[in-house]
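# Descriptive structure summary
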Amino acid sequence: MFQEELIEKCRSNDRRAQMHLYDAYCDAMYTIAMRYLKDADDARDVAQEAFIKAFRNLDQFRGEVTFGAWLKRIVINKSIDFLKARKEHLQSLDEG
């Protein structure tokens, strides 16, 4: 199945198409999250959250870049947000 067709099916909430895209990109997105987070469980969680966000916001995907590049940006942003939240949590623990 072509990627554009898969994305269109995903926009229609086709679970098989979503699983197909997930299977195609999950290892690469996990690897990207691991580069930032250095923890397998955290990286897995962030990658999952990124996929959820991507599927919920597919209407914002314009095809100006590849789906993989678009998803990678989401994973990176989610990883950075995770690290910021952890830092804020650790700072509040230090203050207490």
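Whatever comes next refers back to the structure up there.
Here's a quick rundown of the structure. (Residues numbered from 1 in each chain as written. Predicted model: local features only at pLDDT ≥ 70, side-chain atom pairs only at ≥ 80, totals over all residues. Heavy atoms only, no water.)

## A look at unusual backbone geometry
In terms of backbone geometry, most residues other than glycine have negative phi values and most peptide bonds are trans. One non-glycine residue, Asn-13, lies in positive phi territory at about 65 degrees. With respect to the helices, strands and loops of the structure, Asn-13 is situated in the loop between helix H1 (3-11) and helix H2 (15-37). (Helix = DSSP H or I, 4+ residues; strand = E, 2+ residues; numbered from the N terminus.)

## Details of the side chain of Gln-18
Note on placement: Gln-18 falls in helix H2. Setting aside chain neighbours within four positions, we find Gln-18 in contact with Cys-10, Asn-13 and Phe-55. (Contact = heavy atoms within 4.5 Å.)

## Notes on the pattern of salt bridges
Scanning all chains against the criterion turns up 4 salt bridges. The closest approach of N and O atoms between Arg-44 and Asp-41, which form a salt bridge, is 3.0 Å. Linking Arg-44 with Asp-41, this pair stays in helix H3 (residues 40-56), spanning 3 residues, or about one helical turn. We classify Asp-41 as partly exposed; its relative accessible area is 48%. (Salt bridge = Lys/Arg side-chain N within 4 Å of Asp/Glu carboxyl O. Buried < 20%, exposed > 50% of the residue type's maximum accessible area, 1.4 Å probe, protein only.)

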